[in-house]
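# Examining the three-dimensional arrangement
Spelled out from the first residue to the last, the chains are:
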Amino acid sequence: MAIWTLAIITISQAGLLLSTNVLNEATDGVQGVPGLAAYANAFLLFILPHSLIATSLLTAMLPSLSRAAAADDRPLLAEQYRRGLRLLATAMVPIAVAMFILAPQITALLFVLTGPSATNAIASILMILILGLVPYGIYLLSQRVFHAYQEGRPPFQLQVVITSVSVVAIIGAFFLPNQYTAMGIAAGQTAGQIVAATLAVIWVRRRIDSPDMSDVRRTYLGAFAASLMAAAPTLGIQLGLDT
């Protein structure tokens, strides 16, 4: 496990180094272009709900997942996994929808001293990153299942997927106009998380005898629909103010 964990860190840091260099290159000698600072601020806001809510949930679930894995009780492990996915949906889907809609207002409030152009740039990056908030939680919960089995290779492979998708996007972002470089990198990060989350669920289901996930799908669809309904008045007001 230790070797696999070290490999995961190495791969992720390599991707981070590449993105940092490309962001710095985009702003080298150019004024008014969102670069590393804007991306870092957007990522800080993106990771905040995960750090406060999802990490606490995943940490609390790990002992029960480990006990079920140690006993090779796959039905119990499947039940715990599905429960974790449903809890992530009820907690993170509304937050993701709210942060996507209110990104301009959030960044304008928190970074008021940086000026409108800077806060708008941070908001644009945040809106792209926030699309990966829920997939990121799903990916990490699935990772915990493999950790419960003391299996380090699948999490490493998932990290390779995230980094590979991100690197392709980073290379593409390098050739974009400078003002879109940070958004291109954010899109790659989000795409990597979506792909990794999809593969993670498939791999976990195979590992625990393919449990029925219909209740999980209903929970996510219900949470998304309820979040959109709750956000509709705010979105309407926001659009009215813009016009």
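Coordinates for the structure precede this section.
Residues numbered from 1 in each chain as written. Predicted model: local features only at pLDDT ≥ 70, side-chain atom pairs only at ≥ 80, totals over all residues. Heavy atoms only, no water.

On a plain count of helices and strands, the chain comes out with eight helices and zero strands. Along the first, second and third principal axes, the C-alpha atoms of the chain reach 60 × 45 × 25 Å. Restricting the contact set of the chain to residue pairs at least 6 apart, pairs at least 24 apart contribute 81%. Charge centroids of the chain, computed over 12 positive and 10 negative side chains, lie 8 Å from each other. (Helix = DSSP H or I, 4+ residues; strand = E, 2+ residues; numbered from the N terminus. Contact = heavy atoms within 4.5 Å. Lys, Arg positive; Asp, Glu negative; His and termini not counted. Charge placed at Lys NZ, Arg CZ, Asp CG, Glu CD.)

Attention now moves to a nonpolar patch on the surface. Together, L18, I171, F174 and F175 make up a nonpolar patch on the protein surface, roughly 420 Å² of accessible area in all. Position of L18 among the secondary structure elements: in helix α1 (residues 2-27). Given the relative accessible area of 30%, L18 is considered partly exposed. (Patch = residues over 30% accessible without salt bridge, like charges linked within 9 Å, V, L, I, M, F, W, Y side chains within 5 Å. Areas by Shrake-Rupley, 256 points an atom, 1.4 Å probe, with all protein chains shown as cover. Salt bridge = Lys/Arg side-chain N within 4 Å of Asp/Glu carboxyl O. Buried < 20%, exposed > 50% of the residue type's maximum accessible area, 1.4 Å probe, protein only.)

By the element assignment, Q80 lies in helix α3 (residues 74-110). Setting aside residues no more than four positions away along its own chain, Q80 makes contact with M61, S64 and L65.

Think of an α-helix as 3.6 residues a turn; residues three or four steps apart then line up on the same face. Spanning 27 residues, helix α7 (residues 181-207) covers 39 Å between terminal C-alpha atoms, matching the ideal 39 Å at 1.5 Å per step. D209, located one to two residues past α7, shows a positive phi value of around 70°. (Expected span 1.5 Å × (residues − 1).)

So, on to helix α4 (residues 116-130). The terminal C-alpha atoms of α4, which comprises 15 residues, lie 20 Å apart, in line with the 21 Å expected from a rise of 1.5 Å per residue. Considered for burial, the residues of α4 that qualify are T119, A121, I122, A123, I125, L126, L129 and I130. Where α4 is buried, its residues meet α2 (36-70), α3, α5 (133-148) and α7.

Within the chain, Q150 stands out as a residue other than glycine whose phi angle is a positive 60°. Using a relative accessible area of 58% as the deciding quantity, one classes Q150 as exposed. Its identity as a non-glycine residue notwithstanding, D209 has a phi of 70°, on the positive side. Relative to the assigned elements, D209 resides in the loop between α7 and α8 (214-242).

Our focus in this paragraph is the packing of helix α6 (residues 153-174) against α7. One way to put it is that α6 packs onto α7 with a least axis distance of 8 Å and a crossing angle of 155°. When the interaxial angle is binned, α6 and α7 end up roughly antiparallel. Seen from above, α6 lies across α7 with right-handed handedness. Residue classes in the contact of α6 with α7 are distributed as 15 nonpolar, eight polar and no charged. (Axes fitted to C-alpha atoms, helices over the stretch in contact; angles between N-to-C directions. Parallel < 35°, antiparallel > 145°, perpendicular 65-115°, else oblique. Left-handed = near helix turned anticlockwise from the far one by under 90°. Nonpolar A, V, L, I, M, F, W, Y, C, P; charged D, E, K, R; others polar.)

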